[in-house]
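# Structural description and commentary
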Amino acid sequence: MTTVIVVFVLVYLGMLLGGLPFLQLDRTGIALLGAIALLVSESIGEADAGRAVHMPTLILLFSFMVVSAQLRLGGFYDWITWKLGKLRASPPGLLAALIGVVGVLAAVFSNDVVCLSIAPVLIDVCLLRRLDPVPFLLALACAANIGSAATLIGNPQNMLIGARLHLDFVAYAQEAAVPVVGGLIMVWVIIGWLWRGRWQGRPGAGPSAEAGTASSHTMDRWQATKGLTVAGTLFGLFLLTDWPREIVALGGAGLLLLSRKLHSRQMLGLVDWQVLLLFIGLFIVNHAFEQTGLPEQAVANLAACGLDLRRPAVLFGMTFLLSNLVSNVPAVMLLLPIAASRDGALLALASTLAGNLLVVGSIANIIVMDAAARRGVIITWSQHARVGVPVTVVSLIVSGAVLLTWRTGTG
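Residues numbered from 1 in each chain as written. Predicted model: local features only at pLDDT ≥ 70, side-chain atom pairs only at ≥ 80, totals over all residues. Heavy atoms only, no water.

### Regarding helix H2 (residues 27-40)
Here is the rule we go by: The numbering of helices and of strands both runs from the N terminus, where a helix is a DSSP run of H or I of at least 4 residues and a strand a run of E of at least 2. The span you would expect from a helix comes to 1.5 Å times its residue count less one. Working definition: with a 1.4 Å probe on protein chains only, accessible area under 20% of the residue-type maximum means buried, over 50% means exposed, and in between means partly exposed.
When the terminal C-alpha atoms of H2 are compared, their 20 Å separation across 14 residues agrees well with the 20 Å that a helix rising 1.5 Å per residue should span. Every buried residue belonging to H2 is among Arg27, Thr28, Gly29, Ile30, Ala31, Gly34, Ala35 and Leu38, and all of these are buried. Count one or two residues on from H2 and you reach Glu42, which has phi positive near 60 degrees.

In C-alpha cells, the structure reads:
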C-alpha cells in the first residue's frame, strides 16, 4: 500500500506541475513511469493492470485520431482556414465565422487536433489581412474547448465519461447544446469588446517569412472527402443507433487506412500516441490506488465535513477545481469512480469548460500559444485570462442552470 500511495502522489504532483524536478518527464512520461513502477514492484499484477485499462475509450480515441489524420493529410484544415480568411467580412464578422467553424469542428474532431491544425494557418491569414492575430488565436482556443463539450467525442475526457458511464449520445448533446452555444457567443462578445477599434496589427507588421498563400494550401478533394464522409457517417450512426461507438469508429478508421495514396505510416504517424499512453498509465495508477480503499474513505470523510461529492453542486465544484490543478483528464479519472450515469453531463461540461480559465487548463490553449510563439506572436497569460476567466465563469453558470433544469424536469 505504501508503494501505491507514494506512486499515486508523485504522479498527480507531476500532473499538477507538468513535470517532476530534475527529470525530463512530461505528464505522459510521469503517468507511464508510475504504471511501470507499480508493475515492477508487484503492487499490481499484469492481469489486474490489463483489466484496469478501459479499452473502449482507447479504441474510440485512436479511431478519431486516424480520421483527423486523414483530414490533415488531405489539407482540409488548411483549406477551410484560408476560406475563412478570404471572407469579405469586418474583423468582428471574421471572428464570429471563426468561432462558429471551430466550435463545430471541435465537436467532431477534438479540440487539440483542431487547434494544432488551424493555428499556424490562422496566423498567416491574420498577417496577410494586416490584423492582430492575438484576438483570433484566443478565440480559436476558447471556441475549440467550448465546442468540444458539445458531444461525447469532442475531447478525450468526454470519450472516457461517455464510455464508462454508458451515456446516450443524443441525450448528452441535448443537455450540452445551450451551454456550448452560450459559451461560443460569450467568446465573441468578450473578445469583440476587448479589441474594439484595435483589430489592426502593429505598424509595419506584415506577413512572416513563413506565411504561405492560399495557393500553397490546396486541398486534396478526394482524400478530404473520404475523411469527411467517414466522419459524417460515424456521427450519424452515433445519433441514430445504439451500436457500440468504439467498434463503429474503429471500422471507420480501418476503412481510411485502406488507401492507395496515403501510406499507413503517414496516417499512424499523426496519431497522438502520447495521449493514449497517458490514458494507459493513469488507468493503472488510479486502479491501484482505488484498490487501497483510501479514495472511498476520503469521500466518506469529506461527506462528514459537509462536502458530499455525490451531491451535484459539490461534484461540479470539485471537477472545476481539480481540472485546473491537474488537468481535466486526470481530474475526470479521479472522480469517475464516485459518479453515476446522471453525473455524466455534469462531469463532461465542468471539466471541459474549466479548461478556458487559465492557459494550463487545456492542452489546446498551450498548443495555440506555442504555435503563436514560433511565429513571433506573443500571447501573455494576462491576455488569455482577460478572455478565459469571464468566458469560463459565464459558461459554467449557464451549464449549472441547464443541468439543474434538466434534473428538475426529469426527477
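Now, onward.
### Notes on the pattern of salt bridges
The line we're drawing: Any Lys or Arg side-chain nitrogen located within 4 Å of an Asp or Glu carboxyl oxygen qualifies as a salt bridge.
In this structure the tally under the stated criterion is three salt bridges. When the shortest N-O distance is used, the salt bridge between Asp48 and Arg51 registers 3.7 Å. Here Asp48 and its partner Arg51 are both found in helix H3 (residues 46-52), three residues apart, which amounts to about one turn of the helix.

### Here's the deal with the packing of aromatic side chains
Put simply, the rule reads: The rule is short: rings of Phe, Tyr and Trp, with Trp giving its six-membered ring, pair when the centres are within 6.5 Å, and they are stacked under 30 degrees, edge-to-face over 60, tilted in between.
Within this structure, the stated rule accounts for 11 aromatic pairs. An angle of 50 degrees between the planes, with centres 5.4 Å apart, marks the rings of Phe169 and Phe238 as tilted. One end of the pair, Phe169, is in helix H10 (residues 169-194); the other, Phe238, is in helix H11 (residues 221-240), and 69 residues separate them in sequence. Chaining the aromatic ring pairs together yields one cluster made of Phe64, Phe169, Phe235 and Phe238.

### Brief notes about the nonpolar core
Under the convention used in this document: Here, the term nonpolar core denotes a set of buried Ala, Val, Leu, Ile, Met, Phe, Trp, Tyr and Cys residues that are joined through side-chain atoms within 4.5 Å.
In this structure, Leu137 and Leu140 are the most contacted members of the largest nonpolar core, which totals 136 residues. A total of 11 residues in this core trace back to one element, the largest contributor, which is helix H8 (residues 133-148).

### Looking at the packing of helix H6 (residues 91-109) against H10
Between two packed helices, what matters for the description is the angle formed by their axes and the separation of those axes. The test is simple: Think of each axis as a best-fit line through the C-alpha atoms, taken over the contacting stretch in the case of a helix, with angles from 0 to 180 degrees between the N-to-C directions. Each angle is binned into one of four classes, with values under 35 degrees roughly parallel, values over 145 roughly antiparallel, values of 65 to 115 roughly perpendicular, and all other values oblique. Rotating anticlockwise by less than a right angle from the far helix to the near helix defines a left-handed crossing, while the corresponding clockwise rotation defines a right-handed one. By definition, residues are in contact when any of their heavy atoms lie within 4.5 Å. Gly is placed with the polar residues, together with every amino acid not listed as nonpolar (Ala, Val, Leu, Ile, Met, Phe, Trp, Tyr, Cys and Pro) or charged (Asp, Glu, Lys and Arg).
Packing of H6 against H10 leaves a shortest axis separation of 10 Å and a crossing angle of 150 degrees. As the angle between them shows, H6 and H10 are arranged roughly antiparallel. Regarding H6 and H10, the two cross each other, and that crossing is right-handed. Two secondary-structure elements touch here, H6 through Pro92, Leu95, Ala96, Ile99 and Gly103 and H10 through Leu184, Val187, Trp188, Ile191 and Gly192. In terms of residue class, the contact of H6 with H10 is built from eight nonpolar, two polar and no charged.

### Digging into the packing of helix H9 (residues 156-165) against helix H14 (residues 273-291)
The contact between H9 and H14 brings their axes to 12 Å, and the two run at 45 degrees. Classified by the angle between their axes, H9 and H14 sit oblique to one another. Considering only the axes of H9 and H14, their crossing is right-handed. Only Val275, Phe279 and Phe283 of H14 make contact with H9, whose side of the interface consists of Pro156, Leu160 and Arg164. Class assignment of the residues belonging to the contact of H9 with H14 gives a composition of five nonpolar, no polar and one charged.

Read these as geometric descriptors, not functional statements.
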